Amino acid sequence: MADAVSSRHLSKTYAYRGGSTVALEDVSFDIPAGETFGLIGRNGAGKTTFLRIAATQLLPTAGTVTVLGYDVAHEERQIRSRIAVVPQESRPLYFANTEELIVWYLRLRGMDRRESRRRANGVLEELGLEDVRRRLVSRLSGGQRRRVMAAMVLASDADLLFLDEPTTGLDPFARREVWGAIQRANRERRTVLLTTHYLDEAEALSSHLALLEGGHLVVSGTREALRARIQLPYRVTVDGTTGAEELSRYGTVSGFGDLRLVFAREREARELAQLALARGARLSLAPVSLEDVFLQLVGRPLDEGPEAESAEGAA
Amino acid sequence: MRTQPLYLLNTVASPLAFLFFVVVASRGALLSYGILGGMILTVLTTGTGIQSDLVHYKQDMKFQDVVVSSPVEAPIYVAGIALSEFVYAVPGLVVFLLLSAVRFPGVPPTGFVYSLGGAATLFGALLLVWAFASALGFTIATYFQDIRETFVFSPLISLIMTTLPPVYYPISSIPASIRWAAYLSPTTYAADLVHRAVCGVHSACYEAPSLAAAGVDWAVLLGLTAVLFFLAATKARWREP
Ligand SMILES: Nc1ncnc2c1ncn2[C@@H]1O[C@H](COP(=O)(O)OP(=O)(O)OP(=O)(O)O)[C@@H](O)[C@H]1O
Ligand SMILES: [Mg+2]
């Protein structure tokens, strides 16, 4: 079976008293088995909605989603025995200690005691949680709790893992540890569906990605194919003192806030950098990243905060 | 809440307070009724009370989503939570059992009752009340978005099912013209069973109601439990629409 998840014309409308919200509209794409798939998009784009439908927590309004060969609407039982999920903003139950909780989750999934202990030990070490293995979950920090959630799921034997912003709130070291565990899951040929607001994370982990915007699929494909959408290899970021018209002589200009992004070939990029430096403007020069692709496709920054800053800090 | 033992007091306090009120108001005449009614109220509120934790686990912790997307099925999850919360009923049941041992001195080991059959009836009825209340608590909980909604509902269910119906007092105290209304509450049947079984020989403590017979009581309780389990299986929003 080539695809772990297949979505066809998927739509979801939330109906509630006094209105309704269209969260997904006619979304079709595939997640190949054994790969890490990054689902990205702005707040409210529909990432969680998609993930919850595929993880059989939410019913679609129209269209079909097939997970591991089964239809999410009618064959949820077959799916559930083979998936595991870290929901967005989920927290671990607090009345057990870290190790007990992981073992308990694995036992609940039907794993035997020895195997559960062995896997719990492995994942505690992998995610840097050995020091708190005997500590009550209620006494853990926010980031440690988030890691416990990831640990539970990564230690499971599920074939398909759904991780909804698993690294939000983690320090840079803890984040790398979770990355390592995801990459290991991937080496074991497990499929991972990951949503994240950290585009460097999506780029580092995912071989395939999809971008949602306002409930629509903007683009999906392999990481390389997406990077290749910007054919100009460099990005120069300059402050707004230089006019867009002048900039357009060097390459393709897009902008947000006070900043202008110019995508250019190497020579033009260098010329523009020299010009800007000579004028005393602030600038940065970097190879294009996935983030640039998405900034271009969506036309606005994905999100305020860390990602937007890293666009400049990259140089 | 396992880290907060004071919470346990809560489940003893309100049935006891109600017992106190009924006994004082009746100048002691309704003590027997109150003691047995207290047990019913205790298991009922423990059962429906799982909705607060269910909503908390679902909305605040997103734990229900973790379970839904796993091989664990809903009945296992609910049974696990209901059992783990049964500890809240224990102090209340112990207090009322002690009270009833004093009130209805009898033969050990059953103590407060005159027969093993009586004890079996008591525990059977309490078990059914707890089971249907838990199923009800679960079904309702899956519709709530916010734990605060349950703070309104739990007392409301208690009021409808224990304070108003003849659980703490005999059905004959209700004016004949509206007595039919009492039969709308399942707890009326549970109370009837329990009173009949436990105070069968204590004439002061049991008045045969006009409608119910023990067979009818069991049929209604079992039927209702089956219906609520069925509703939980078909109507609870384990997966969201
Ligand atoms: N339970 C709900 N009831 C009504 N509307 C909802 C519900 N959940 C989500 N929505 C709406 O559906 C849209 C998509 O939400 P969703 O949670 O899928 O976004 P997201 O991409 O995960 O965003 P974020 O990055 O903020 O997590 C939003 O407009 C949101 O307001
Ligand atoms: Mg989300």
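Residues numbered from 1 in each chain as written. Chains lettered and ligands numbered in written order. Predicted model: local features only at pLDDT ≥ 70, side-chain atom pairs only at ≥ 80, totals over all residues. Heavy atoms only, no water.

Caption draft 1: Representation of the packing of helix α5 (residues 74–85) of chain B against helix α7 (residues 116–141) of chain B within the structure. Residue and element names in this part refer to chain B. It is the contact of α5 with α7, at a shortest axis distance of 11 Å, that shows an interaxial angle of 120°. Crossing of α5 over α7 shows right-handed handedness. Listed contacts from α7 to Ala74, Val78, Ala82 and Leu83 of α5 are Trp130, Ser134 and Phe138. (Axes fitted to C-alpha atoms, helices over the stretch in contact; angles between N-to-C directions. Helix = DSSP H or I, 4+ residues; strand = E, 2+ residues; numbered from the N terminus. Left-handed = near helix turned anticlockwise from the far one by under 90°. Contact = heavy atoms within 4.5 Å.)

Caption draft 2: Highlighting the pairing of strand β7 (residues 160–164) of chain A. Residues and elements named next belong to chain A. Across the 5 residues of β7, 5 count as buried, placing the element largely inside the fold. Burial along β7 is two-sided: Leu160, Phe162 and Asp164 and Leu161 and Leu163, pointing in opposite directions, are all buried. In the sheet, strand β6 (residues 83–86) pairs with β7 via 4 bridges, with the strands oriented parallel. Looking at the pairing, Ala84 lines up with Leu161 of β7. Note: β7 against strand β8 (residues 191–195), 5 bridges, orientation parallel. Bridge pairing in β8 links Leu163 to Leu194. (Buried < 20%, exposed > 50% of the residue type's maximum accessible area, 1.4 Å probe, protein only. Pairing = 2+ DSSP bridges.)

Caption draft 3: Looking closely at the domain arrangement of chain A. Partitioning chain A into domains gives domain 1 (3–227) and domain 2 (234–287). The gap between the C-alpha centroids of domain 1 of chain A and domain 2 of chain A is 38 Å. (Domains from an automatic or database assignment.)

Caption draft 4: Representation of the site of ligand 1 in the model. All names here are of chain A. In the vicinity of ligand 1 there are 15 residues, among which Gly44, Lys47, Thr48, Thr49 and His197 approach most closely. Between Lys47 and ligand 1, the recorded distance is 2.7 Å, taken from a side-chain N or O atom to an oxygen atom. A distance of 2.6 Å separates an oxygen atom of ligand 1 from a polar atom in the side chain of Thr48. Listed by contribution, the elements that provide at least two residues to the shell around ligand 1 are β1 (3–16), β2 (19–32) and α1 (47–54). Tallying contributions element by element places α1 first for the shell around ligand 1, with 3 residues. When grouped by side-chain class, the residues that make up the shell around ligand 1 number 4 nonpolar, 8 polar and 3 charged. (Near = heavy atom within 4 Å. Polar contact = N/O pair within 3.5 Å; in protein donor to acceptor, adjacent residues only side chain to side chain. Nonpolar A, V, L, I, M, F, W, Y, C, P; charged D, E, K, R; others polar.)

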